[in-house]
Amino acid sequence: MEPERLEELQQLIRNDSLIKFYKSREWRELRQEALRRDNYECQLHKKKGKYHKAECVHHMKEVKPFPHLALTLSNLMCLCNVCHNEVHGRVGGQYKDKQFTNKECW
């Protein structure tokens, strides 16, 4: 990632405005590239020999602690909403109301 772009992303993180990153043309294009690469399949279901349509593109190393990897294709994994929630520990318990259910997840 270019130094100027990295600084912009770090500023968005400081301002709690990451939504602007996820609406950027750069992210939307990379997201589509990841979905095509993974054949629009949830990679965790695929590892289990099952199929589920991918609904999210997940940063394996999260954006806030690793902003320099935010636009790195090899850091992305396509997941369904259920698996994405599980990866982030948002299933049941105290996080039950914070599950992702929309098409665009971050």
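Read on for an overview of the structure. (Residues numbered from 1 in each chain as written. Predicted model: local features only at pLDDT ≥ 70, side-chain atom pairs only at ≥ 80, totals over all residues. Heavy atoms only, no water.)

1. Structural notes on the overall build of the protein
At step 1: Broken down by element type, the protein carries five helices and two strands.
At step 2: Traced from its N-terminal end to its C-terminal end, the protein shows the element sequence α-α-α-α-β-β-α.
At step 3: About 6800 Å² of surface is accessible on the protein, with carbon and sulfur atoms providing 50% of the total. (Helix = DSSP H or I, 4+ residues; strand = E, 2+ residues; numbered from the N terminus. Areas by Shrake-Rupley, 256 points an atom, 1.4 Å probe, with all protein chains shown as cover.)

2. What to know about the nonpolar core
At step 1: Counting 16 residues, the largest nonpolar core has Leu 9, Leu 18, Phe 21, Val 57 and Val 63 as the members making the most contacts within it.
At step 2: Of all the secondary structure elements, the ones that give two or more residues to this core are helix 1 (3-14), helix 2 (18-22), helix 3 (25-37) and strand 2 (76-79).
At step 3: The element contributing the most residues to this core is helix 3, with four residues.
At step 4: Excluding residues within four positions of it along the chain, Val 63 makes contact with Leu 9, Ile 13, Leu 18, Tyr 22 and Ala 70. (Core = buried A, V, L, I, M, F, W, Y, C linked by side-chain atoms within 4.5 Å. Buried < 20%, exposed > 50% of the residue type's maximum accessible area, 1.4 Å probe, protein only. Contact = heavy atoms within 4.5 Å.)

3. A look at the packing of aromatic side chains
At step 1: In this structure the tally under the stated criterion is three aromatic pairs.
At step 2: Between Phe 21 and Tyr 22 the ring centres are 5.0 Å apart and the planes differ by 75°, which places this aromatic pair in the edge-to-face class.
At step 3: Judged by relative accessible area, which is 7%, Tyr 22 ranks as buried.
At step 4: Relative to Trp 27, the ring of Tyr 22 has its centre 5.4 Å away and its plane inclined at 85°; by these criteria the two rings are edge-to-face. (Phe/Tyr/Trp six-rings, centres within 6.5 Å; stacked < 30°, edge-to-face > 60°.)

4. Some points on helix 1
At step 1: For helix 1, spanning 12 residues, the distance from its first C-alpha to its last is 16 Å, which sits close to the expected 16 Å at 1.5 Å a residue.
At step 2: Check the buried side of helix 1 and you find it contacts helix 2 and helix 3.
At step 3: Positive backbone phi, at 55°, marks Asp 16, one or two positions downstream of helix 1. (Expected span 1.5 Å × (residues − 1).)

5. Observations regarding the pairing of strand 1 (residues 56-59)
At step 1: Side chains of strand 1 alternate between two faces, with Cys 56 and His 58 and Val 57 and His 59 buried alike.
At step 2: Relative to strand 2, strand 1 runs antiparallel, the two sharing four bridges. Bridged to His 58 within strand 2 is Met 77. (Pairing = 2+ DSSP bridges.)

6. What to know about the side chain of Arg 5
At step 1: Tracing the sequence through the fold places Arg 5 in helix 1.
At step 2: Beyond its immediate sequence surroundings of up to four residues, Arg 5 is in contact with Phe 21, Ser 24, Glu 26 and Leu 71.

7. Side note on the pattern of salt bridges
At step 1: Scanning all chains against the criterion turns up six salt bridges.
At step 2: Of the charged contacts in the structure, one is a salt bridge between Arg 14 and Glu 7, with a shortest N-O distance of 2.8 Å.
At step 3: Overall, the relative accessible area of 40% leaves Glu 7 in the partly exposed class.
At step 4: Each of Arg 5, Glu 8 and Glu 26 takes part in a single network of salt bridges with overlapping partners. (Salt bridge = Lys/Arg side-chain N within 4 Å of Asp/Glu carboxyl O.)

8. Points about the side chain of Glu 41
At step 1: Along the chain, Glu 41 falls in the loop between helix 3 and helix 4 (43-47).
At step 2: In this structure Glu 41 comes out as buried when scored by relative accessible area, which is 16%.
At step 3: Beyond its immediate stretch of four places on either side in the chain, Glu 41 contacts Lys 46, Tyr 51, His 52, Ala 54 and Cys 78.

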